[in-house]
Amino acid sequence: MTHNHDFISLPTAFFIVLTVSMVSTIFLLYKKVPVHLVRYHIGLLSLPPIVALWGLLANNRTVMVGPWRFDSLSWLLALFVLTIGLIVQRYSVRYLFGDRDYRKYFALLTFTTYADTLAWISNDLRLLLVCWGVTLLGLTLLIRLHKEWQVARKAAASAGRLFLISWLILLVAVIWMAQTTGQWQLSIVLEKNNLAQLPSWERTCINLLLIIAMFIPSAQFPFQRWLLDSVVAPTPVSAVMHAGIVNAGGLLFTRFAPIFSGEAAQIFLLVVSGFSVLLGTGIMLVHVDYKRQLVGSTIAQMGFMLIQCALGAYLAAVIHALLHGLFKASLFLQAGSAVQHREIHSFKSRQIPNLWVITGVILALMTGIGYLLTSGGEGYPIISSFILGWSMLFAWIGLVAFGNGRTGRFAGLTFLAGALLMFTYIHKSLDSLLHETILSGMNPSCPAIIWVLFLLLGGTAVGLWLAHKRSSTAFTIIYLWLVHLGEPHKDVVESHPTYLAKSLFYRGESK
Amino acid sequence: MTTTLARPLNWENETEERGLTIHEIVKAASEIIAPLGPISQFAARSPWASLEGQSFEQMVRRFKDRCDIELLPNDSVLQSAWNHGEMDVEFLEEGLQLWLEQHDFELSHTDAVQFCRTALTQGPPSSELTALPEVKSLAKRLSDFNFHLHTRKTVKPLSQCFEQKEGDGKFRDLNRHMIKWCKLFLDESQAVWSMPNREQGFYQAWKRMACLDPALSLEARKQIKHLPNEADIALVEALSQLGISDSETQEYLEAHLLALPGWAGMMLWRTQQQIKDSSLLTDYLAIRISMELILLKPHFPLSKQGREEQVRLEPLIAAWIHWGNVPIDKWHQLSDVEQKARLNLARQFDKIVRNRLWLEAWEKTYEKQLMEQILSKQELVSEPNKPSLAQFVFCIDVRSEPFRRKLEQTEGVETFGAAGFYGLPIETCKLEQKHSHPSLPVMSKPQFKVMEYLPESQYKPFHERIEAVHSLKGTFKSMKHNLLASLLLPEVSGPWLSMQTLARTFIPRSTGRTFKKLLDTWVMKPDVRLTLDRMEQSKSELPIGFSEEEKVQYVEQALITMGLTDHFAPLVVICGHGSRSINNPYAASLDCGACGGTSSAFNARVLAELCNFPHVRQSLKARGILIPEETIFAAAEHITTLDELHWEYLPKLSAKAEEAFTCIQAVLPQVSEQASAERISKLPNLKFNRKNPKEEAERHSEDWSEIRPEWGLAGNAAFVIGERSLTEECNLEGRVFLHNYNWIKDKNGSLLASIIAGPATVSQWINLQYYASAVAPHYYGSGNKATQTVTAGIGVMQGNASDLLSGLPWQSVMQSDETIYHAPIRLLVVIQAPTEYVERLLKHDRTFQQKVDNGWLRLASIDPEGNWKSWS
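These figures come from a predicted structure and were not determined experimentally.

Here we look at the overall build of chain A
For chain A, the count of helices and strands is 22 helices and three strands. By the compact-globule yardstick of 24 Å for 511 residues, chain A fits well, its C-alpha radius of gyration being 24 Å. Principal-axis analysis of the C-alpha atoms places the extent of chain A at approximately 70 × 70 × 45 Å. Each of the 511 residues in chain A was classed as buried or not, and the buried ones make up 60%. Put simply, of all contacts in chain A between residues at least 6 apart along the chain, 77% involve residues at least 24 apart. As presented, chain A carries roughly 19,500 Å² of accessible surface, and 69% of it is formed by carbon and sulfur atoms.

Re the domain arrangement of chain B
Interfaces are frequently sized by the accessible area removed from exposure as the parts join. For chain B, the domain assignment lists domain 1 (22-32 + 154-299), domain 2 (72-153 + 310-354), domain 3 (386-447 + 550-678) and domain 4 (456-523). Taking only C-alpha atoms into account, the centre of domain 1 of chain B sits 46 Å from that of domain 3 of chain B.

Some details on the packing of aromatic side chains
Inspection of the entire model under this criterion finds 48 aromatic pairs over all chains. Centroid distance Phe 215 of chain A to Phe 268 of chain A: 6.1 Å. Interplanar angle 50 degrees. Geometry classified as tilted. Here Phe 268 of chain A lies in helix H15 (residues 265-286) and Phe 215 of chain A lies in helix H10 (residues 200-215), a separation of 53 residues in the sequence. According to the relative accessible area criterion, Phe 268 of chain A is partly exposed, its value standing at 34%. Ring geometry for Phe 327 of chain A versus Phe 476 of chain B: centroids 6.1 Å apart, planes at 50 degrees, classification tilted. One end of the pair, Phe 327 of chain A, is in helix H17 (residues 314-333); the other, Phe 476 of chain B, is in helix H21 (residues 456-480), on a second chain. On the accessibility criterion, Phe 476 of chain B (23% relative accessible area) is partly exposed. If you follow Arg 840 of chain B out to its NZ or CZ, it ends over the ring of Tyr 837 of chain B, 4.7 Å from the centre. Against the face of Trp 871 of chain B rests Lys 869 of chain B, its NZ or CZ located 4.5 Å from the ring centre.

Some words on a positive patch on the surface
A cluster of basic residues, Lys 104, Arg 144, Lys 147, Arg 153 and Lys 154 of chain A, forms a positive patch on the protein surface. Take Lys 104 of chain A: it is sitting in helix H5 (residues 102-121).

Section: the side chain of Ser 230 of chain A
If you trace the backbone, Ser 230 of chain A turns up in the loop between helix H11 (225-229) and helix H12 (235-245). Apart from residues lying up to four places away in sequence, Ser 230 of chain A is in contact with Ile 143, Ser 238 and Met 241 of chain A together with Asn 800 of chain B.

Concerning the domain arrangement of chain A
Residues and elements named next belong to chain A. In terms of domains, chain A is made up of domain 1 (1-116), domain 2 (144-334) and domain 3 (354-489). Here domain 1 and domain 3 have C-alpha centroids that lie 36 Å from each other. Each partner contributes to the interface: domain 1 provides six residues, whereas domain 3 provides six residues. Buried surface at the junction of domain 1 and domain 3, summed over both partners, amounts to about 480 Å²; 74% is from carbon and sulfur atoms. It is Ser 72, Leu 73 and Leu 76 that lose the most area in domain 1 upon contact with domain 3, and together they represent 65% of the buried surface on that side. Our count for the contact surface shared by domain 1 and domain 3 stands at zero salt bridges. Looking at which element gives the most residues to the side of domain 1 that touches domain 3, the answer is helix H4 (residues 72-95), with three residues. Of the residues assigned to the side of domain 1 that touches domain 3, the class counts are three nonpolar, two polar and one charged.

Digging into the sheet that holds strand S19 (residues 868-870) of chain B
Residue and element names in this part refer to chain B. Within the open sheet, the five strands sit side by side as S13-S12-S17-S18-S19. Their pairing is mixed. Only two strands of the sheet have a single partner each, and these edge strands are strand S13 (736-739) and S19. On average, adjacent strands in this sheet sit at an angle of 20 degrees to one another, irrespective of strand direction. Note that strand S12 (residues 718-721) and S13 share four bridges and pair parallel. The partner of Val 720 across the bridge, within S13, is Leu 738.

With respect to the sheet that holds strand S11 (residues 644-649) of chain B
Residue and element names in this part refer to chain B. An order of S4-S3-S9-S10-S11 is seen for the five strands of this open sheet, with the pairing classed as mixed. Two strands close off the open sheet at either side, each with one partner strand: strand S4 (413-418) and S11. With strand direction ignored, the average angle separating the axes of adjacent strands in the sheet is 30 degrees. Across the sheet, helix H20 (residues 400-407) touches strand S3 (390-395), S4, strand S10 (632-639) and S11, and the angle it forms with S3 is around 170 degrees.

Looking at the interface of chain A and chain B
Facing the 132 residues of chain A at the interface are 131 residues of chain B. Interface of chain A and chain B: buried area, both sides summed, is about 12,100 Å²; carbon and sulfur atoms make up 63% of it. In this assembly, chain A and chain B are joined by four salt bridges. A salt bridge links Glu 706 of chain B to Arg 94 of chain A, with the nearest nitrogen and oxygen atoms 2.8 Å apart. Considering each element in turn, the side of chain A that touches chain B owes the most residues, twelve residues, to helix H20 (residues 405-434) of chain A.

Side note on the packing of helix H2 (residues 38-45) of chain A against H4 of chain A
Residue and element names in this part refer to chain A. Close contact between H2 and H4 brings their axes to 10 Å; oriented N to C, the two are set at 165 degrees. With respect to H4, the axis of H2 lies roughly antiparallel. The element H2 and its partner H4 pack so that their crossing is left-handed. On H4, the residues that touch Val 38, His 41, Ile 42 and Leu 45 of H2 are Leu 86, Gln 89, Arg 90 and Val 93. Each residue belonging to the contact of H2 with H4 can be placed in one class, and the counts come to five nonpolar, two polar and one charged.

Some words on the confidence of the model for chain B
Predicted coordinates in areas of low pLDDT are best not read in detail. Confidence in the prediction for chain B averages 90 pLDDT; 95% of positions are at 70 or higher. Under a pLDDT of 50 for its full length, residues 1-17 of chain B has, in the predicted model, 38 contacts with residues more than four places off or in other chains.

Here's the deal with a nonpolar patch on the surface
Where nonpolar side chains cluster on the molecular surface, the patch consists of Val 361, Leu 365, Ile 369 and Leu 373 of chain A and spans about 400 Å² of accessible area. By the secondary structure assignment, Ile 369 of chain A is in helix H18 (residues 354-374).

So, the nonpolar core
Counting residues in each nonpolar core, the largest one holds 389 residues, and the members touching the most others are Trp 226 of chain A together with Trp 48 of chain B. In terms of residue count, H4 of chain A provides more of this core than any other element does, 16 residues in total. Once residues lying within four places of it in the same chain are set aside, the contact partners of Trp 226 of chain A are Leu 139, Ala 159, Leu 162, Phe 163, Ile 216, Pro 217, Ala 219, Met 241 and Val 246 of chain A.

So, the pattern of salt bridges
Per the stated rule, a full pass over the model turns up 60 salt bridges over all chains. Residue Arg 100 of chain A is joined to Glu 818 of chain B by a salt bridge in which the shortest nitrogen-to-oxygen separation is 3.2 Å. Separated into two different chains, Arg 100 of chain A in the loop between H4 and H5 and Glu 818 of chain B in the loop between helix H31 (810-813) and strand S16 (819-820) make up a pair that spans both. Taking relative accessible area as the criterion, Arg 100 of chain A reaches 29% and is therefore assigned partly exposed. Members of the salt-bridge network, linked through shared partners, are Arg 94 of chain A together with Glu 696, Arg 699, Asp 703 and Glu 706 of chain B.

As for unusual backbone geometry
A cis amide bond links Phe 221 of chain A to the next residue, Pro 222 of chain A, at an omega of 0 degrees. With respect to the helices, strands and loops of the structure, Pro 222 of chain A is situated in the loop between H10 and H11. For the bond from Phe 300 of chain B to Pro 301 of chain B, the omega torsion is -10 degrees, close enough to zero to count as cis. Considering the arrangement of structural elements, one finds Pro 301 of chain B in the loop between helix H15 (280-296) and strand S2 (308-310). With phi around 50 degrees, His 567 of chain B is a residue other than glycine that occupies positive phi space. Inspection of the secondary structure puts His 567 of chain B in the loop between helix H24 (548-562) and strand S9 (571-578). Classification of His 567 of chain B as exposed rests on a relative accessible area of 69%. Positive phi values are uncommon outside glycine, yet Glu 733 of chain B reaches one of about 55 degrees.

Focus on the pairing of strand S7 (residues 448-453) of chain B
Residues and elements named next belong to chain B. Where strand S5 (residues 426-429) and S7 come together, four bridges link them in parallel fashion. Looking at the pairing, Thr 428 lines up with Val 450 of S7. Where S7 lies against strand S8 (residues 529-530), two bridges are found, and the strand directions are antiparallel. Within S8, the position partnered with Tyr 453 by the bridge is Arg 529.

Some points on the confidence of the model for chain A
The predicted model of chain A has a mean per-residue pLDDT of 88, with 93% of residues at 70 or higher. Confidence drops under pLDDT 50 across residues 1-5 of chain A; counting only partners more than four residues distant or on other chains, this segment forms six contacts.

Conventions we followed
- Per-chain numbering applies: the sequence of each chain, read as written, is numbered from 1 onward.
- Working convention: letters from A go to chains and numbers from 1 go to ligands, in the order in which they are written.
- Thresholds applied to this predicted model are a pLDDT of at least 70 for local features of residues and 80 or more for the giving and counting of side-chain atom pairs; totals over whole chains, interfaces and linings are not thresholded and use all residues.
- By convention in this description, side-chain values take in all heavy atoms of the structure and omit both hydrogens and water.
- Secondary structure follows DSSP: runs of H or I at least 4 residues long count as helices, runs of E at least 2 residues long count as strands, and numbering of each begins at the N terminus.
- It is over C-alpha atoms that the radius of gyration is taken, and the globule rule equals 2.2 Å times the number of residues to the power 0.38.
- Note on classification: 1.4 Å probe, protein chains only; a residue is buried when its accessible area is under 20% of the maximum for its type, exposed when over 50%, partly exposed between these limits.
- We call two residues in contact whenever any of their non-hydrogen atoms come within 4.5 Å of each other.
- Accessible surface area values rest on a Shrake-Rupley calculation with a 1.4 Å probe, where residue burial reflects the displayed protein chains alone.
- Where each domain begins and ends is defined by an automated method or by a domain database.
- Aromatic rings from Phe, Tyr and Trp, with only the six-membered ring used for Trp, were paired whenever their centres fell within 6.5 Å, and each pair was classed as stacked if the ring planes differed by under 30 degrees, edge-to-face if by over 60, and tilted otherwise.
- Only lysine NZ and arginine CZ atoms are considered, and such an atom sits over a ring when it is within 6 Å of the ring centre and within 35 degrees of the ring normal.
- Think of a patch as exposed residues, more than 30% relative accessible area, with no salt bridge, where like charges cluster within 9 Å and nonpolar side chains (Val, Leu, Ile, Met, Phe, Trp, Tyr) cluster within 5 Å.
- Definition used for salt bridges: Asp or Glu carboxyl oxygen within 4 Å of a side-chain nitrogen of Lys or Arg.
- In this charge count, Lys and Arg are treated as positive and Asp and Glu as negative; neither His nor the chain ends contribute.
- Note that the charge is assigned to NZ on lysines, CZ on arginines, CG on aspartates and CD on glutamates.
- Defined in terms of a 1.4 Å probe, buried area is the accessible area two parts forfeit on being brought together, summed over both.
- Here the term charged refers only to Asp, Glu, Lys and Arg, the term nonpolar to Ala, Val, Leu, Ile, Met, Phe, Trp, Tyr, Cys and Pro, and the term polar to all other amino acids, Gly among them.
- Here the rule is simple: two strands pair whenever DSSP picks up at least two bridges between them.
- Axes, fitted as lines to C-alpha atoms, cover a helix only where it is in contact. Angles between the N-to-C directions of the axes lie from 0 to 180 degrees.
- An angle below 35 degrees is read as roughly parallel, one above 145 as roughly antiparallel, one from 65 to 115 as roughly perpendicular, and any other as oblique.
- In a left-handed crossing the near helix is turned counterclockwise from the far helix by less than a right angle, and in a right-handed crossing that turn is clockwise.
- Each residue carries a pLDDT score, the predictor's own confidence in it, on a scale running from 0 to 100.
- Nonpolar cores were defined as sets of buried Ala, Val, Leu, Ile, Met, Phe, Trp, Tyr and Cys residues, with membership established by side-chain atoms within 4.5 Å.

Here you go:
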C-alpha cells in the first residue's frame, strides 16, 4: 500500500464533494425548498465528476483508502458513472419539469448513481455487495417512478424480483469466496497464493454463480425480460439504465479477472452471450418501436462485451462498456427525434460503383491486417481486426463509394477519417491509462476464437440469406419468434394510460 | 344550449342495418372514430367531427356508457376554475333554472331547486352512505313496489364482458395482439426486416403469418389457418359465430373500433388516402373479431347478456339524504308519486348534467368578460385615416394576436388576419423531398401542386452537399442494423455523440445555434424558385402551377377574404407561421393547423409572388381592386417559438416600400423582444433566465430536453370575425383567433359563409382537439411525453405498447402533473355583423346551425350599434 500525501487528498476531496451533493439532494426533497434551487443541486452534482477526472489524470498508481481502492480504473469508472448521472439529471431539469415526483426523482437518481460509483471503487467485498444492492434497489424505484401507473408498478416488481435473485446469487458467490480464502478484501482475495487455496471445482462453481448473477443486469438470454419491460420508465431513466447499469457484468469480471482467468465456465459464458448477440440484433431488426430497437441493441452489445470478457480481453470489454454507455445514453436522450420525415435517402437503388467498392475492399483488408499486426496478432485481436475491417468496408461504401459527386466523396472521406482518428485516439489514450490496472486475461483457446468468428459470420450469412427469402416460411417463423421474444410481458401493456385522468386542477390551484 | 331535452339514457342507434353490405356497415361504424394521420404532419382534427348530429351532451353520455371516459371537465378542475374567479355563479343558477324548466318532475319547485343547487355546489355522497343497510333495504322495498327504472345496456365487445366477469384478460390479450399486428403492418420506419407479405393487404398478410405465431396456442393457430380467405366473409362469419344480431352489428363494430381508436383511426386515414387501401378498416375489423372469436372459443357457450339493465336505486336515495335533506325515515312518509319523482330527479340530474351546467357557466363567464373588454374599448378606437406604411397579414392562429398587438404599436403599421393557407388549395413539395405535403385544412383536398426548384447549375452542387449530410445519417443507420458493424459502431461514434450530448445538455442554446449555423454554411441553400406557372404533365396527377385565370381568381379571393382590397400600403407582408423545436415528436403540432401541420410560410410566399405578377394586377384592376404600382408584396415567416419574423421572399422593392422596409427592420427586434417577454412569462419556468426573455425563447427552441418548447394553441377560447378595430385596444392574451371581416362589403353574405365553412371549422377542430386532450388525456390526448416511444415512424405509444395515441400530449395542455393550463371550454365564435346576417347564415348553413344548436361551439354577434347578442 502506498502512502503518498500528494494523493491522499484527492480521495478525501472526492468523498467530500460526494457528501455535499448528497446533502443537496436530500435538501431538495423537502417541499418547502423552492424547486428552482435545483440548479444549485446540478452545480454541486458536477463537482464529483470533475474531481474524478482530476484523479484520473493525476493518478497513475493504486491508492488504498480504508475499504476503497483508487486506481485509474476506479477513477475512470467513477468519472463515467457520475458524468452519465450528471448529464441525465441536467437533462431532466427541463424534461421532467412539472412531474409529480420531480424532487423524488432527483434524489433517487443521485442515490443510484452514487451507489453504483461506490460499488466500483470499493475493495471490500461486503461494501461492494451493499453498494451494488442499493444501486439495483434505486433502479427498481426509478422504474416505478410513476407508481400511480399500474404498468410501471408491475414492470418494477418483475425487474425487482430478478434483481433480488441476481443479488442473492452474487451474495452466495462472494461469501463462498471469502469463506474459502478467509479474506474480505478483494485485492487480497485475488492474490495468487490466496486463489491457490481454491480447489478448481469451487472456482468453477463461483465463476458460474458470478456469470449468472451478471447475466441478469446485462439482460442476457434468458433474463432479457426485465429490460424489455422497462421501456415504461421515463426516457432519462432508460438512458441511465442502458448506459451505467447494464454493463455491470463487464466491469465486475474485469475487477475479478484473476479468479476468472482460464476457466471452463467461460465456455458457458461464450455460448450464452453469443446467443444473446444474435437474439438482440434480431429483436432490433424486426421491431418497429424506437425504444424497443434500442433495447435489442443493448442486449446484443452487452453480449459482445461479455464475449470480450470470456476471451480475456478485459481492456477491450471496459472500453466497449464505457463507449457503448455514452452512445446509448445519447440515443435515448434524442429518442424524440425518431419520427420519420420521409426524406431519408436510399443509395440502394443506385448503380454500384464497382471501382470504388474494390478500393474499399482493399482498404478494409489493409486496415484489418494492419491492426492485427500492431496488436500482437493473437487471441481477441483477431476478432476485433475482423470487425474493424468489415466496418471500414461498410462505412466506406456508405460514405465514400456511394458519395454523390466530388463533394459527396470528399465529405464522406472527411467523416471517415474523423471517425477513424477519434477511434484511434480514444483507444490509445484509454489503453495507456488502463493497461497497468487491467490484467489481460490468458489468451483464449483457438476453438473459442473460431466459435466467435463462426457465430458472427454465420449470423451475418443467415441474416443475408433470410433477407433475400422474405416470403419463405422459414423467414416468417424466425421473424415471428424474434417479434415474440422482443415483446413486453402481457401484464405490462395497457392500451391507454388511464392513471393520467385522475386528480387534475386548473391553473392557479395547487401551486 | 337548448338541446338537453333528448332523453339521455335512451340513446338508440336508429340505423337500419338490414340490407346493408358489411362494407357499408363498417363505413357507418367508422364515424365514431376520427382518422389519424402520421405524427410528422400532425393535423388539427376534432375527435367527434362525424358525431355533430347529436348534441354535445349526448356524445358525452355515449362515451361514458361505452368506454367509461368522462368528457366533461371533472369536479376538481371546475372547482379550481371557480376559485380562480373564472366562473360567475349567476350563470350557474341561470343554467339550472333553464334545465328545470325543460324537465317536468311532479315535485315542488322549491324542493327540486334546493336539491339541485346543493348537488351543484357540494361534493357527492360518500360511498359508505350508499352502502348503509337502511339505504339498501329501502332500495329493495322501493324496487319491490315497481319502482323499476330501466336503461338500455350498451353493446360491448364480448371479450370485454367476459374479462369483467371472469377476470381473465381476454380483452387485453386481444388489444395486445392488435397493437402488435398494426404496428408491424403500418411500419414506415424501414425496419430492416419488415413484415413479409404486406403488399397483399392486411388481412391476407395476417392470415398467412398468424398461423405460425408463437404467441398463440396451437389450437388457435390451426383455427386461423382455416379462416376464410376474404376479409369481409371472415368478418361476417365471425360475427355470426359470436351471435351478434344484424341490428347490433354496427354498434358492435363501433365498440371494437373504440377499443383502440388510434390504430383504427390510422387504418381509417389510410383508407382515405389511397384506393388500394380502401378496405383496410374492414381488414382490421375482420382480424380483430376473428381473433376475438378464436380467443373466446374455448369458453363457449358464453352466458347471454341482457339487453336491459336495472338502475340501482341506492345512489339515488343516498343523493337525497346527502343533498336533499330527506333522511330515511322521511321517505316512508312520502307518497308513491313523490318518491318516484324524487328518484327520477336524482337520476336525471346526474354528474354529466351537473358538470355540463358548470362548463356552460364557465363558458358564459368567459363570454361576458370578452364582451365587456371589447365593448368598453370601443370608444377608444380611432379611425385610421393616415395612409399606412406597411400592412401585415397574419394567420388567424391565436399566437398571432399578441405579436400583432406589439407590431401595431409602430406608427403606420396595420395588421390583418386570415387563415394561414390563404385560400390556396395546394400541395407543396420542397426541394430535396420526395413526398409532397397537402398544405391546406385537412377537410379539403389539394387541387394544385407547387414545387420548389433550382436551375440545374445550382441544383447539382446543392444536391451533392445535402446528400453528403444524408449519407452520414444513412450510414450510421445501416451500420447500426448490421450485426458486425453494430458491434463497433458505439466505439467509433460514441466519442462524437457524447461530445454532442455534453454540449447540448450544458449549453443548449449556443450548441443548437452553432450546429444550425454549421449545417447552413455547408448546405448553402440557394434561393429557390416556385413552379407557379402551369406546366404540362400527365392527367392523372395534380396540375402543377396555376393557369393565368386561376392566379387572378385565387389572388382576388384571398384579398377579399382578408379584407384588403383598397388603401394598399407600399409594403404588404404576407406572414405564414412555423415553430422551431428539436427532439420533439410533436413539432408539427406547433405549426400551422390550417396548413395540415406544417409551416404556412410556403403558402404565404406563393400568395405574395402571385400578387406581384403585373398581369394579375392588371386583371384585378378590371375587377375593381386597384393595387398601386409602388405597392410590393413580400412574404415572411412568423416563428412562434422565437417571436421573430424571418423574411421568406423579398422581391425588389419600390422606393416607398424600401423606406417602409427599413423602418420595419428597425422596430422588429424591439417588437420581438416585447412579444417574447409576454409569452415566456406564461411558460412554466425555473427562474433560470428571467432577465433576458429573448435568450430564454431561443433556449426553448434549441434545448433538446425542453418538454414545452412553447404553449402552441393552448388556451384558445374564441374566434372573432370582424374588423381589427373591434379588438385593437384589447389584450386578448393569445386566446383568440382573429379573422378580418367587413360586413358592409359582403352584401350577400357569401364571404361570411366561406369564413364559417373554412377557417371557423378549422378553429373549432383545433379547439375540440385541445378540449379533448385536456379532459381525457389518456384517451384523446397522447399521454406523458416522458414515457412515450415513437413507433413505426408514424406515431407514439405509451410505455411498452399502447394504442397509437392521437391528440396533444399531457405536457401541451398541463403546466404540471396536477394543473391544467388549457381551459377546456368550447370555442366562442363572435361575428361582427347585423343580426340579419347571422340569421341568414344559420338558415343557409345547416352544418353550422347544427354545431350551434348541438353545442359543438358557441355563437355570439355584435351588431353595428355595438349590441352583443348570444345565440347559444
